[in-house]
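Chain by chain, the residues run as shown.
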Amino acid sequence: MTDDRGASDDRGPAQGAAELRRVRTWLWIFVVCLVLSGLTAFPLESESRWLAELVGGSPLGRAFPETTAWAERVRDGLADTNTRYPFLAYGTDWLAFAHLVIAVAFWGPLQDPVRNVWVIRWAMIACAGIIPLALICGPLRGIPLYWRFVDMSFGVVGVVPLLIVLRGIQRLERATAPRGESPLAA
């Protein structure tokens, strides 16, 4: 296609459909990761036991014994807490539920990403918020610095598919904008 000046215009239905598929694929990846992250908040005691065994018997654990000590402390703390105060695990049940509910919020962008771009921006803000939370609350709770970096990586890694989706939505918006009109700023 060419515009009134004869310049090539590669916008079209095929490009829009391909971009929509890419956006939805990345959204599904993000949603599946959110759901898996939420589901792993339920069996924390079992997972901490597996982590302590894995780290303790690995080259990482031998090279960094403080990592093994931390994994064992977490395992023992969760086991003791679940034995003595099982109601405290209810808080992580709510954490798991929150991840599942947040995943549901992406139903709108999966259906109409351009109209629901605000969900993507909101999720990017949430990813950014992980960093100050880990930096502020981590020391208050006695979380080792290296583990705070693990926690912060969820925000850093999580924002990558969201950036890809946001750029895809911007391309979709341009591809579907009526000729002669500029799309709303995305």
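Remember, predicted model here, so these are calculated numbers, not experimental data.

J.: Let's hear about the packing of aromatic side chains: which residues, and what values?
T.: A ring pair, where both rings are aromatic, is described by two values, the distance of the centres and the angle of the planes. Per the stated rule, a full pass over the model turns up four aromatic pairs. Geometrically, the ring pair formed by Tyr85 and Phe87 is edge-to-face, given 6.2 Å between the ring centres and 75° between the ring planes. What makes Tyr85 partly exposed here is its relative accessible area of 35%. Aromatic pair Trp94 and Phe97: ring centres 5.5 Å apart, planes at 85°, arrangement edge-to-face. A residue pair is termed a helical-turn pair when its members lie 3 or 4 positions apart in one helix, as Trp94 and Phe97 do in helix α5 (residues 89–104) at three residues. Take Trp94: its relative accessible area is 46%, and that puts it in the partly exposed class.

J.: So what's going on with the packing of helix α7 (residues 117–140) against helix α8 (residues 145–176)? Which residues, and what values?
T.: Packing of α7 against α8 leaves a shortest axis separation of 9 Å and a crossing angle of 165°. With respect to each other, α7 and α8 are oriented roughly antiparallel. The element α7 and its partner α8 pack so that their crossing is left-handed. A class-by-class count of the residues in the contact of α7 with α8 yields 19 nonpolar, three polar and three charged.

Parameters at a glance
- Residues numbered from 1 in each chain as written.
- Predicted model: local features only at pLDDT ≥ 70, side-chain atom pairs only at ≥ 80, totals over all residues.
- Heavy atoms only, no water.
- Phe/Tyr/Trp six-rings, centres within 6.5 Å; stacked < 30°, edge-to-face > 60°.
- Buried < 20%, exposed > 50% of the residue type's maximum accessible area, 1.4 Å probe, protein only.
- Helix = DSSP H or I, 4+ residues; strand = E, 2+ residues; numbered from the N terminus.
- Axes fitted to C-alpha atoms, helices over the stretch in contact; angles between N-to-C directions.
- Parallel < 35°, antiparallel > 145°, perpendicular 65-115°, else oblique.
- Left-handed = near helix turned anticlockwise from the far one by under 90°.
- Nonpolar A, V, L, I, M, F, W, Y, C, P; charged D, E, K, R; others polar.

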